[in-house]
Structures are given as C-alpha cells and as structure tokens.
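Descriptive structure summary
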Amino acid sequence: MSRAFVVRETGGPDKMQLEEREVGAPGPGQIRVRNKAIGVNFVDVYQRDGHYKVDLPFVPGNEGAGEVVAAGEGVTEFKPGDRVGYTGPVGAYADERLLPAGRAFSLPEGIDFETAAAVMLKGGTAHYLLFETHAVKPAETILVHAAAGGVGSILAQWATALGVRVIGTAGSDEKVALARASGCDPAINYRTTDWVKAAREATGGRGVDVVYDGVGKATWDGSLDCLRPRGLMVSYGSASGYVTVPNLTVLATKGSLYVTRPTTGSYHASTAELRASMTATFEALLSGKFRVAINQRFPLAEAPEAHRALEARQTTGSSLLIP
Ligand SMILES: NC(=O)c1ccc[n+]([C@@H]2O[C@H](COP(=O)([O-])OP(=O)(O)OC[C@H]3O[C@@H](n4cnc5c(N)ncnc54)[C@H](OP(=O)(O)O)[C@@H]3O)[C@@H](O)[C@H]2O)c1
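Quantities reported herein were computed from a predicted structural model and do not represent experimental measurements.

Considering the overall build of the protein chain
Within the protein chain, the secondary structure is distributed over ten helices and 15 strands. In terms of overall dimensions, the protein chain is globule-like: its C-alpha atoms have a radius of gyration of 20 Å, near the 20 Å expected for 323 residues. Counting only C-alpha atoms and orienting by the principal axes, one finds that the protein chain spans roughly 60 × 40 × 35 Å. Split into buried and exposed, the 323 residues of the protein chain put 54% on the buried side. Sequence separation of at least 24 residues holds for 68% of the intrachain contacts in the protein chain that already meet a minimum separation of 6. Of the roughly 13500 Å² of accessible surface on the protein chain, 51% is carried by carbon and sulfur atoms. The positive charge centre, built from 33 side chains, and the negative charge centre, built from 34, are 4 Å apart in the protein chain.

Observations regarding the domain arrangement of the protein chain
Its domain assignment divides the protein chain into domain 1 (2-120 + 268-322) and domain 2 (138-261). With 17 residues of domain 1 at the interface, the matching set in domain 2 holds 18 residues. For the pair domain 1 and domain 2, the two sides together bury roughly 1400 Å², of which 57% comes from carbon and sulfur. Considering only the surface of domain 1 that becomes buried against domain 2, K289, F290 and R313 emerge as the three largest contributors, covering 37% of it. On the surface where domain 1 and domain 2 come into contact, there are zero salt bridges. In this structure, the connection of domain 1 to domain 2 is made through eight residue pairs in polar contact (both at pLDDT 80 or more). Elements with a contribution of two residues or more to the side of domain 1 that touches domain 2: α1 (42-49) and α9 (271-286). Of the residues assigned to the side of domain 1 that touches domain 2, the class counts are eight nonpolar, five polar and four charged.

Focus: the side chain of H134
Tracing the backbone shows H134 in the loop between α2 (113-133) and β8 (141-144). A distance of 2.9 Å separates polar atoms of two side chains, one belonging to H134 and the other to E140. For H134, the residues in contact, after removing those within four places along its chain, are L129, E140, V210, Y212 and L232.

Here we look at the nonpolar core
If you look at the biggest cluster of nonpolar residues, it comprises 46 residues, and the most contacted ones within it are L130, I142, L155, Y212 and F282. Here this core spans two domains, and each of domain 1 (2-120 + 268-322) and domain 2 (138-261) adds at least three residues to it. Those residues in contact with L155 that lie beyond four places of it in its chain are A126, L129, L130, V144, Y212 and Y236. Ranked by size, the runner-up nonpolar core spans 30 residues in total, among them I31, V68, A101 and L310.

Structural notes on helix α3 (residues 150-161)
In an α-helix there are 3.6 residues to a turn, and that puts residues three or four apart on one side. When the terminal C-alpha atoms of α3 are compared, their 17 Å separation across twelve residues agrees well with the 16 Å that a helix rising 1.5 Å per residue should span. Burial analysis of α3 places ten of its twelve residues in the buried class, which makes it a mostly covered element. Inspection of α3 places G150, V151, G152, S153, I154, L155, A156, Q157, W158 and A159 among the buried residues, and these make up the whole buried set. Once α3 finishes, G163 follows within two positions and takes phi at roughly 90°, a positive value.

Some remarks on the site of the ligand
Residues in close proximity to the ligand total 30 residues, the closest being Y128, K175, Y190, G214 and R313. The side chain of Y128 places a nitrogen or oxygen atom 2.6 Å from an oxygen atom of the ligand. Relative to its unbound accessible surface of 910 Å², the ligand loses 92% to contact with the protein. In terms of residue count, the dominant contributor to the shell around the ligand is α2 (three residues). Within the shell around the ligand, the residues separate by chemical class into 13 nonpolar, 13 polar and four charged. Counting contributing residues per domain, the shell around the ligand is built from domain 1 (2-120 + 268-322) and domain 2 (138-261), each supplying no fewer than three.

Structural notes on the side chain of T87
By secondary structure assignment, the location of T87 is in strand β5 (residues 83-87). Exposure remark for T87: the relative accessible area of 7% places this residue in the buried category. Those residues in contact with T87 that lie beyond four places of it in its chain are N62, E63, R103, F105, M120, L121 and L274.

What counts and how
Residues numbered from 1 in each chain as written. Predicted model: local features only at pLDDT ≥ 70, side-chain atom pairs only at ≥ 80, totals over all residues. Heavy atoms only, no water. Helix = DSSP H or I, 4+ residues; strand = E, 2+ residues; numbered from the N terminus. Rg over C-alpha atoms; globule rule 2.2 N^0.38 Å. Buried < 20%, exposed > 50% of the residue type's maximum accessible area, 1.4 Å probe, protein only. Contact = heavy atoms within 4.5 Å. Areas by Shrake-Rupley, 256 points an atom, 1.4 Å probe, with all protein chains shown as cover. Lys, Arg positive; Asp, Glu negative; His and termini not counted. Charge placed at Lys NZ, Arg CZ, Asp CG, Glu CD. Domains from an automatic or database assignment. Buried area = accessible area lost by both parts, 1.4 Å probe. Salt bridge = Lys/Arg side-chain N within 4 Å of Asp/Glu carboxyl O. Polar contact = N/O pair within 3.5 Å; in protein donor to acceptor, adjacent residues only side chain to side chain. Nonpolar A, V, L, I, M, F, W, Y, C, P; charged D, E, K, R; others polar. Core = buried A, V, L, I, M, F, W, Y, C linked by side-chain atoms within 4.5 Å. Expected span 1.5 Å × (residues − 1). Near = heavy atom within 4 Å.

Structure follows, in structure tokens:
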C-alpha cells in the first residue's frame, strides 16, 4: 500500500485528503516510481482550487524525483533502481506513482533527489522563459516579479549570469534581501514602494525590455507601465489572481507592446523538449549559473500546510514534500 493525497472536489487545502491505495504494476510505456522528494508548485494550488481544470478525482502534484520500482512493457530506457525525475502529469503527492516513461528523465550525477525536485519545474520554466519565450541578451534589462520565490529566484540568478540586468520585486524586506542576493539591482519591495516609478527610474525613464510576471492580476497594469515601447510582457502566472483578456488598445497606447502567456504545457510538450530543457537546467545548476534554495521541507502528510504557506506568501525559494 502507498499513501497518496486525493482531491475529490476542488476547494481549499483541506480538500486534499491522504488515502492508502494500491499502486499496481506499470502498464505499457509506464514506469512506477518511489518518490524521494516532491516539488510544491503554485500550479498545484490552481489545480486544487479548481481554476485549472483537472478531471476529478485526482492526485495533485506536478513533479517528483525518486527511484524506478518497475518498468512496463516497451520501456527500454529505465530499469528498477534508476534515479529519475519527472514533471507532469498530476499525481506526484504520493509515496509511489505510475507515470508515462516519456515524462521522466535520468538524474545526472551530482543532482540529488531533493535538489532535482526543487529545480525541475521551476528551473525548466526559467530556462524556456529566458531562452525560448524571449532569448535574452546581455544589453537588456528585465523586470522579474516575486524574485525571492521559486521560479523568480532562479530566473533572476540565471539572467544575471547571462549578463542581463535584472530589476526585481518582492513582498517583504527579507525577501528583497534575497532578491538582491539573486542579482536584482535594484530589488524593490512592491508592497511598500511605488515600484513602477522605481523600475522606470532605474532605467533612466526608458522602461525595461521584458517583464517576467508570475504574480498576475495585482501587477498586470503596473507591469505594462514598466515596459519600453515595443517591450515584451511575459505573463507566466497568476499567484495574486487571474488576468482577464485586456482591451488590446491598451497595448497600443502604452507603446505597441507585445504580450505572451506561456506555459510548460506548450514548451515542454514533447519528451525531447522536456529532456532538452532539463539537461540545460541541470547543466546551468551544476556549473554555478544559479543555486536553488530549498527553504521549506514538509513531510508528505503535511501537503495542506505547504499549500497554506505558499498561498500566504510565507515561502521563499523552493518547497518540498518528503514522503
Ligand atoms: N507558465 C508556466 O509555465 C509556469 C511554470 C511554473 C510556475 N509558473 C508560475 O510562476 C509563479 C511562481 O510559481 P512558484 O511555484 O515559484 O511560486 P512562488 O514564486 O514561490 O510563490 C508565489 C509568490 O508570488 C508572490 N505573490 C504576490 N501576490 C501574491 C498573492 N496574492 N498570493 C500569493 N502569492 C503572491 C509571493 O511573493 P512576494 O511575497 O514576494 O510577493 C509568493 O511568494 C506562479 O504564478 C506560477 O503559476 C508558471
């Protein structure tokens, strides 16, 4: 028997109920993985509260790292005992789970289970945002919101290592200090400061080339005001609430702006895309382009607590569940 959280109806953190279940043998093309560490991500919240639709009932959680227990028919690349990581489909908040082998990848030497679970989805997102959504260049200035958070702290460090100037925002003085340590200059407390004015002043009034905004509703308008003419708004998340489709004229009056709303679902859609992004992310981590801060560890059974902390803005860096 294996423990797994199950969501039978969407809602608050308590809608995740820990249950015992038989995992069963992997079917064709599947592997069975014993999780050693599970990454907690904001997308887990959107799926649990029903904003992102997932067929009910479901086991939440979009990434984990552990050992292969069994490989199903047709799986030749993994065998029992292999160290793997995976992102998607849902089902990670469990001791053991089944998943398609194509969503898994081997963990390189030097990447332990906890580090993997802390970096795969968040670092893979930073990778596609910095290299594919927009290929950043050393002369550019970008604005990263929630720069002390999971994705934000990696994004800020990696961009800095690429020679990009990063302006960061964060929601407390402690978080501002972390954002500064991740390369943000300036790092701005956007709960106490006129951050639009501060960001514009930091660029001599020109505006930034790209805004990476995972905060959503609360920062949407201000983010557009921080951009230079023909700048790019990358709205990649909704931690504060969902952005509704804007009146497109706003993009004209604010300077012929570009907007995109990217997701890993489209950038890591194929096994090849996912594995290439993970290889690049692990290489960047191992070569010191960025560090990953595991600042919260919860026993698996405390997943609702982990969600409460994430939603209450009490976390920094990455959060893990440990089975
Ligand atoms: N599109 C994609 O492919 C993709 C992939 C992964 C993640 N994401 C998105 O990236 C964002 C960050 O994800 P994460 O897992 O790394 O989380 P996180 O950044 O560690 O946590 C979210 C942070 O957002 C900030 N925030 C601002 N207003 C908030 C509010 N009203 N409620 C809660 N948080 C608020 C908080 O930082 P402050 O206190 O500093 O404001 C909070 O710590 C999320 O929006 C997520 O959906 C998108």
